[in-house]
Amino acid sequence: MAVRLNKTVPILLEKDCEFQIGVRKGKVLELRAEGYFAFWEPWTDEQTGEYHESTAGVISFSAVLTENNHGKLVVLHRPLAKPCQRDRIRRSERVAVEIARAQFRKQYVLAIQGMLDAGDLKLVREDFEARVVKILARGKARYEEFLAAKAIRAPKRAGARIRKTTVERNSEFEFSQGVRNGRTFWKWYEQWRAYGEDGLLDDYRKCGGHSRYSDQVEAYVGAIIDKLLDEERPTLKAYHESVSSIISAENERRERLPIPEEKLPLVGYDYVRKLVMERAPIDHAIRKKGWDNAYKDLHSLGLGVETSRALERVEVDEYTVDLMVLMRDTGLFDHLPPSVKAFIGLDGKPCRVTLSAAIDVHTRCLLALQIVPQAHTSPLRDTIEMIYMNKVPISDAARCRFAWEQGGAPEMIVLDRGSKYITDEAYAVLASLGITNMGAPAGKPWLKPFIERVFRIIHEDLLLRFSGRTFGSVEKKGDNDPEQRATLTLEAFLTWLVRWTVDAYHNKHHSALGMSPNQAWKKAISECRPRSLTSAEMREAFGVRTGRRIGVHGVRVKHIDYQNDAAIALKNLPGVKDVEVLRWHGDIGTIGLRAGDGPWINVTATDPRWIGKTDVDLDIWLAHRQIEDAEEARARRDFVIDANTEAYRLKKLAGLISLPRTEEELERDVVRFSRHTDTAERRRSFGEYRDILADVDAADEALALSQPNPAQPKTAPTVSDDDLME
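Residues numbered from 1 in each chain as written. Predicted model: local features only at pLDDT ≥ 70, side-chain atom pairs only at ≥ 80, totals over all residues. Heavy atoms only, no water.

Undergrad: Please explain the sheet that holds strand β18 (residues 601-604) as it appears in this structure.
TA: The pairing of strands in a sheet comes from backbone hydrogen bonds and takes either a parallel or an antiparallel form. As summarised here, the arrangement of the 4 strands in space is β13-β16-β17-β18, forming an open sheet in which the pairing is antiparallel. The open sheet is flanked by β13 (544-549) and β18, the only strands paired with a single partner. On average, each strand axis in the sheet is tilted by 35 degrees relative to the strand beside it, whichever way the strands run. Bridge analysis of β13 against strand β16 (residues 578-583) gives 6 bridges, and the strand direction is antiparallel. Across the sheet, residue Val-544 finds its bridge partner in β16, namely Arg-583. (Pairing = 2+ DSSP bridges. Helix = DSSP H or I, 4+ residues; strand = E, 2+ residues; numbered from the N terminus. Axes fitted to C-alpha atoms, helices over the stretch in contact; angles between N-to-C directions.)

Encoded structure:
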């Protein structure tokens, strides 16, 4: 077991150090083993307004380190550091142009110091004024040498152009260098001696910024602009015209007063534009665009969505591409039945297609991307199904260099509240798979920004390369007719879409990831591999239920017989004839069967060649199976005709042919076939029912009554075995 070492906490403050954490100011009195013993000045809570008196206490080293890591610790004064004057601006707060002006002055000050050391200049103001020409010459030479040293960089090969860095561009400023007075050089030198380089920093930030118009005019014009700002979005020219008109009318009113007031000056176009731009950006955007659009443009962004593993958060949405695609069958859909082709819309006409996509937020990989026909009312089920499925055959069919292996079981799916996503079927699928459903309100795309950004990339990186674009709006389209310029068929579009996804988008470096999505996926699955679903689970979630009759051959579904011991036992149950079938197109080797409300049982295909196959394999097999040679069909037809003719001739010769019957024979047969028919009419014609032996029984009874009853019965004669043998 590894030994856990205590991490050393750095000491950030020393004794008598003044610091500030948030709004609280304190001073370290001494350092103790448990932390800093500090004195806290009185402070007021900005949120509640509660006043807190001064206190003293110990604050731990780790607590101060935490505040430092979060940027809350500010050192006001250290006992061994030279304090900064309160009326001076700290060097760290200076802007780049102020630093450049200080460096310019520094070169002249250093030139003056060199002249003083050489004895060419005396440390009196009169001598500075007398030798100002020599100071100017040496200072200018030194400053030009300073600029030349900054401009020198390592040359590039083959005459490549040297590009300046951002720091170098920001340090280049043009400012007035026309110093002609020796008293100015004397002032610079004295400030440098007193405060060092900080003394060479001037109050350049206070220069300019003064308006030629008074605060009264600014307030008056600002009030006019506030009234004009609305969602009608008037132009700056309209603003200026309105302001000029109102000021002109106001001046006329002031002139007509009993005691005329001072007129307001007419402001120019640039001044009106400046005031419009200086309005509060949020208020300006709300007035101009409305609250919703202003929020889209100006809402603040923080850390955003955090994920720690692949498929932790998946975003799903639809996008209608700005490209006309020719909906014609070019061979890819030959195995599909006509009804499916009509559902897809393969009518040969150009139209815009809608994509349904799913993206993994952690790796930015596309997990699903498919065409949604216009007649499809619930595409979410198919999109989720594609997330789970193996998409390597798709990338192989499109001849991609890389494999589309991104997929698995998502933990959370983020989708909007569109009509196609709030169906009962979609909710049932999400619930059965144990997926958390996070619904984003409609019209707020920033709540699922990752899938929205992918759609924009599809438009900018893929669709722009083909003709037939719709350009998204009538204004951008102009005279362009996208239907006439459409050249990309649906088959070609799907192929390019898959190739772009697998080979282009997944392999492009992503700035937020610091790597490509493909590399991010490999890294994520090496740390935490996503799980998948079994065929039985996929069948229960995405299978289609139908009814079938079970027989001695099992169950036949789409030309395939399914039979195993479980199916045989189910067939032999009393009263079981019709069963319910659960079939999933992703694995047709096994189906689910049940009788009534009984449990589902898995039944495999009788033919082992269908084990592990999909509906695509079956459709291809059926397409080849339905192909029939015309010559073969003609030969079998002739055989059937010839065989039937010869058989009829032979049977007729043998008397086996039933010849047409006469009218008398037909009547005789009718009477014969209906001889034993029992009807009410026949019962009435026959009369009452009498037993067939009734007359015999009545005669025997009368004879017995006429003879006397014997007292002793006569002895039966004895029969020997010999008589029996005879």
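Read on for the rest.
Undergrad: Looking at this model, I keep getting lost on the pattern of salt bridges. Mind explaining?
TA: Note that side chains of opposite charge can pair when their charged atoms are close. This model, assessed by the stated rule, comprises 36 salt bridges. In this structure, the salt-bridge partner of Glu-261 is Arg-254, at a minimum N-O distance of 3.7 Å. A residue is classified by how much of its surface remains accessible, and Glu-261, at 44% relative accessible area, is partly exposed. Look at Arg-254 and you get buried, because its relative accessible area is 9%. Arg-381 is the partner of Glu-425 in a salt bridge, and the nearest nitrogen-oxygen pair spans 3.4 Å. A residue pair is termed long-range when its members are at least 10 positions apart, and Glu-425 in helix α15 (residues 424-433) and Arg-381 in helix α13 (residues 380-388) qualify at 44 residues. The class for Arg-381 is buried, based on a relative accessible area of 14%. A cluster of three or more residues bridged by salt bridges with shared partners is formed by Glu-250, Arg-253, Arg-254 and Glu-261. (Salt bridge = Lys/Arg side-chain N within 4 Å of Asp/Glu carboxyl O. Buried < 20%, exposed > 50% of the residue type's maximum accessible area, 1.4 Å probe, protein only.)

Undergrad: Please explain the confidence of the model for the protein as it appears in this structure.
TA: The predicted coordinates ought not to be read in detail in places where the model reports low pLDDT. Per-residue pLDDT for the protein averages 81, and the proportion of residues at 70 or more is 80%. Of all the helices and strands in the protein, helix α28 (residues 721-725) carries the lowest mean pLDDT, 43, while strand β3 (residues 35-40) carries the highest, 95. Taken together, the stretch residues 1-5 has pLDDT below 50 and engages in 0 contacts with residues farther than four places along the chain or on a different chain. The low-confidence segment residues 713-726 (pLDDT under 50) makes 1 contact with residues lying over four places distant or belonging to another chain. (pLDDT = per-residue confidence, 0-100. Contact = heavy atoms within 4.5 Å.)

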